[in-house]
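Structure at a glance
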Amino acid sequence: MSLFDKLIVWSIPFVPKPIVGYFSRNYIAGSTLDDAIRVIKDLNEKSIMATMDLLGEEVKEKSQSLEAVEQYLKMLQEISNNNLDSNVSLKPTHMGLNLDKQFCYENIRRIVAKAKELNNFVRIDMEDHTTTDATIKMYLDLKKEFDGHVGTVIQSYMRRTSNDIDKLIRENANLRLCKGIYVEPENVAFKKMPEINRNYNLNLDKLLEAQCYTGIATHDEQLVEHAMQTIERLDLDKSKYEFQMLLGVTEDLRNRILEKGHRLRVYVPYGKDWYHYSTRRLKENPRMARMVVQKIFGFN
């Protein structure tokens, strides 16, 4: 990390909340479920699918997880009531992973059971490397009972990813493949972008060739182009994959993906934890923080 990046990370807690809110407003639907529903309706009108996420992670009390579970059950019901083209994404630490693994599993199971009842789907997000084994195990256990209604995430910057994917392919896993955002030790994660991108392409090809349903989650034009070439080479049906992007990010690329006839899903986060989410993400990713500072002060 450069000295400039360190200074940016150090200064983030001193940025006034209204300024953080101003720059995060395009990336977060709002603080309420109604806000998220409004944004998803707009996306659906543009033939864009969505995945809804309630902001929150690393809870300190079980009561916080139980409140989140109720909100997710309501989210799924409202998706059905409003006939939205959307599923949901959740974080294991929001469901209590760091408090009690069995408690977390039962919480996620309740949500996945509701998704099955409503013919919907739950994506279990991947967090830092300390949660990887538990997340994969929970996913595979839930898949046995709710196949077709649950999936998880794999991060290309993790050194273990190729081995994990080899295992998950044998289970015909439903995966979102992303680069990864958490700050990880060098012994568990690639640090150089060429290595991360190479690992992304290698593992994306593995998944698509095995015809595992894959969410191709990236805003990198070169990775998107590689994915499109692989899809064309394999003559893949559109039911076997989708592209995925964050709300408010690289919308020109999003539109080009749609124009080429590919399916696209946008990640729509909402909740009262928007400030902590925004500042935490900036601190975890100095490159992103630098981009925000450059946008504020208008320099490159």
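Criteria and thresholds
Residues numbered from 1 in each chain as written. Predicted model: local features only at pLDDT ≥ 70, side-chain atom pairs only at ≥ 80, totals over all residues. Heavy atoms only, no water. Helix = DSSP H or I, 4+ residues; strand = E, 2+ residues; numbered from the N terminus. Buried < 20%, exposed > 50% of the residue type's maximum accessible area, 1.4 Å probe, protein only. Contact = heavy atoms within 4.5 Å. Areas by Shrake-Rupley, 256 points an atom, 1.4 Å probe, with all protein chains shown as cover. Salt bridge = Lys/Arg side-chain N within 4 Å of Asp/Glu carboxyl O. pLDDT = per-residue confidence, 0-100. 1 Å grid on protein atoms, 1.4 Å probe; cavity = no way out; pocket = protein on both sides within 12 Å on 5 of 7 lines; lining within 4 Å. Points joined across faces, edges and corners; volume = space filled by probe spheres on them. Polar contact = N/O pair within 3.5 Å; in protein donor to acceptor, adjacent residues only side chain to side chain. Core = buried A, V, L, I, M, F, W, Y, C linked by side-chain atoms within 4.5 Å. Expected span 1.5 Å × (residues − 1). Arc of directions from axis to C-beta. Pairing = 2+ DSSP bridges. Right-handed = clockwise from strand over helix to strand, strands pointing away.

The next subject is the overall build of the protein. Counting its secondary structure elements, the protein contains 12 helices and 8 strands. Split into buried and exposed, the 300 residues of the protein put 53% on the buried side. Counting only contacts in the protein whose residues sit at least 6 apart along the sequence, the fraction spanning at least 24 positions is 74%. Per element, the accessible surface of the protein, about 14,700 Å² overall, is 49% carbon and sulfur.

Glancing now at the pattern of salt bridges. For the structure on display, the rule yields 19 salt bridges. Between Asp164 and Arg160 there is a salt bridge, with the nearest N and O atoms lying 2.6 Å from each other. Of the residues examined, Asp164 reaches a relative accessible area of 10% and is grouped as buried. With relative accessibility at 27%, the residue Arg160 sits in the partly exposed group. One salt-bridge network, in which partners are shared between bridges, spans Asp53, Lys91, Asp125 and Arg176.

To continue, consider the confidence of the model for the protein. Detailed reading of the predicted coordinates is not advisable wherever pLDDT falls low. With 83% of its residues at a pLDDT of 70 or more, the protein shows a mean pLDDT of 89. Throughout residues 296-300 the model reports pLDDT below 50, and contacts reaching past four residues in sequence, or to other chains, amount to 5 contacts.

Estimated volume of the second largest pocket: approximately 360 Å³. Leu54, Leu55, Glu67, Ala68 and His94 are the residues nearest the centre of the second largest pocket, which is lined by 20 residues in total. It is helix H4 (residues 62-81) that provides the largest number of residues to the lining of the second largest pocket, a total of 5 residues.

Although it is not a glycine, Glu58 sits at a positive phi angle of roughly 50 degrees. Mapped onto the elements of the fold, Glu58 is located in the loop between strand S1 (49-54) and H4. A positive phi angle, near 40 degrees, is found at Thr250, a position not held by glycine. Look at Thr250 and you get partly exposed, because its relative accessible area is 36%.

We now examine empty space enclosed by the protein. Here the structure, examined in full by the defined rule, presents 1 cavity of 30 Å³ or more. Taken as a whole, the largest cavity spans an internal volume of roughly 40 Å³. If you trace the largest cavity, you find it lined by Met126, Thr132, Val153, Ile154, Gln155, Met158, Arg160, Thr161 and Asp164. For the lining of the largest cavity, the secondary structure elements donating two or more residues are strand S4 (150-155) and helix H7 (161-170). In terms of residue count, the dominant contributor to the lining of the largest cavity is S4 (3 residues).

In this section: the side chain of Lys143. Here Lys143 shows up in helix H6 (residues 132-146). Side-chain polar atoms of Lys143 contact the backbone oxygen of Glu171, separated by 2.8 Å. Discounting residues that sit within four places of it in the chain, Lys143 has contacts with Val150, Glu171, Asn172 and Ala173.

In this structure, Met52, Met95, Ile108, Ile111, Phe243 and Val268 are the most contacted members of the largest nonpolar core, which totals 71 residues. Other than its neighbours up to four places away in sequence, Val268 contacts Ala29, Ala36, Val39, Ile40, Leu43, Ala50, Thr51, Met52 and Asp53.

An ideal rise of 1.5 Å per residue puts 20 Å on 14 residues; helix H9 (residues 221-234) measures up with 20 Å between its terminal C-alpha atoms. Along H9, the positions that sit buried rather than exposed are Leu223, Val224, Ala227, Met228, Thr230 and Ile231. One face of H9 carries all of its buried residues, which in axial projection span an arc of 160 degrees. Exposed and oriented more than 90 degrees from the buried face of H9 are Glu221, Gln222 and Glu232. On the buried face of H9, the contacting elements are helix H8 (193-209), strand S6 (214-217), strand S7 (241-246) and helix H10 (251-259).

It is worth spelling out the pairing of strand S2 (residues 86-90) at this point. Of all the 5 residues making up S2, 5 are buried; the element is thus mostly covered by neighbouring parts of the structure. Every second residue of S2 is oriented toward a common face, with Ser86, Val88 and Leu90 on one face and Asn87 and Ser89 on the other, all of them buried. One ladder, built from 4 bridges, connects S1 with S2; its direction is parallel. In the sheet register, Met52 faces S2, and the bridge partner there is Val88. Between the parallel elements S1 and S2, the chain passes through H4 in a crossover that is right-handed. Bridge count between S2 and strand S3 (residues 122-124): 3 bridges; the pairing is parallel. Residue Val88 lies in a different strand from S3, and its bridge partner there is Val122.

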